[in-house]
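Chains, contacts and geometry: an overview
The lines below spell out each chain.
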Amino acid sequence: MKRLRILAIMVLALVLGTTGSASRADDGSPSPILYLTGVEHYNVRGTDFVRYNYDVLNKAAFPAALFAAAPNLPACGNNTSSSRTWVNIFDKSGARLYGFCALGSPNDLGSIWFALEEGVIPPSWIYIELNDRQTNTIYRSNLAETTL
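Attention now moves to the environment of Leu 143. Inspection of the secondary structure puts Leu 143 in the loop between strand E7 (137–140) and strand E8 (144–145). For the pair Leu 143 and Tyr 35, spaced 108 residues apart in sequence, the C-alpha to C-alpha distance is 8.4 Å. Beyond its immediate stretch of four places on either side in the chain, Leu 143 contacts Lys 92, Trp 125, Ile 126 and Tyr 127.

Residues Thr 137 and Tyr 139 point to one face of E7 and are all buried, whereas Ile 138 and Arg 140, pointing to the other face, are not buried. Note that strand E6 (residues 125–132) and E7 share 4 bridges and pair antiparallel. The residue bridging Asn 131 from the neighbouring strand is Ile 138, located in E7. Here E6 folds back onto E7, and the loop between the two strands holds 4 residues, one of which, Asn 136, carries a positive phi near 55°.

A separate point is the pattern of salt bridges. Counted by the stated rule, this structure contains 3 salt bridges. Note that Arg 84 is salt-bridged to Asp 132, the shortest N-O span being 2.7 Å. Taken together, the residues span a long stretch of sequence, with Arg 84 in the loop between strand E2 (47–56) and strand E3 (85–91) and Asp 132 in strand E6 at a distance of 48 residues. Each member of the pair Arg 84 and Asp 132 is classed as buried.

Turning next to the side chain of Asn 58. Tracing the backbone shows Asn 58 in the loop between E2 and E3. A polar atom in the side chain of Asn 58 sits 2.9 Å from the backbone oxygen of Ser 31. With sequence-adjacent residues up to four places away left out, Asn 58 is seen in contact with Pro 30, Ser 31, Pro 32 and Ile 33.

On to the sheet that holds E2. Strand order in the open sheet formed by 3 strands is E1-E2-E5, and the pairing between neighbours is antiparallel. Of all the strands in the sheet, the pair left with one neighbour each is strand E1 (34–44) and strand E5 (112–117). Averaged over all adjacent pairs, the angle separating strand axes in this sheet is 25°, with direction ignored. Where E1 meets E2, 10 bridges bridge the pair, whose relative direction is antiparallel. When the sheet's bridge partners are listed, Tyr 35 is paired in E2 with Asp 55.

Quick look at the side chain of Ser 141 now. Among the secondary structure elements, Ser 141 is positioned in the loop between E7 and E8. For Ser 141, a relative accessible area of 4% translates into the label buried. For Ser 141, the side chain forms a polar contact with the main-chain nitrogen of Ile 128, separated by 2.9 Å. Residue contacts for Ser 141: discarding those within four places in its chain leaves Pro 32, Leu 34, Tyr 127 and Ile 128.

Analysis parameters
Residues numbered from 1 in each chain as written. Predicted model: local features only at pLDDT ≥ 70, side-chain atom pairs only at ≥ 80, totals over all residues. Heavy atoms only, no water. Helix = DSSP H or I, 4+ residues; strand = E, 2+ residues; numbered from the N terminus. Contact = heavy atoms within 4.5 Å. Buried < 20%, exposed > 50% of the residue type's maximum accessible area, 1.4 Å probe, protein only. Pairing = 2+ DSSP bridges. Salt bridge = Lys/Arg side-chain N within 4 Å of Asp/Glu carboxyl O. Polar contact = N/O pair within 3.5 Å; in protein donor to acceptor, adjacent residues only side chain to side chain. Axes fitted to C-alpha atoms, helices over the stretch in contact; angles between N-to-C directions.

Structural data, given as structure tokens:
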């Protein structure tokens, strides 16, 4: 079942890539192919949450330099060596859900997530943007579901 789901995501990403519905950076780099890997329930200090876990199927296509520490760029909070590329998660309407500013390698795209308090209805679709702050390039993914 998981193989079939990944195959369907790949086909969808190919179709979106050829119709122009998914944005692509002008440098020829690919758009991230985002897919849901699972949902987990957890508790923090008495509050129940649901975490939606995602992977980027083509994460190996992105150079490691995108995720290098970038102390010459603006800090992320107290982190003065945050990565060159920040990853933001948005719902379909463009509202930001969560973000990562210190991923250390393309492999870290395999464990991105956002969480909502238990009982909050998640958006039906989400996407990510990889924001290369050094070149001002944004790599936008396909829309990915929030249900398995």
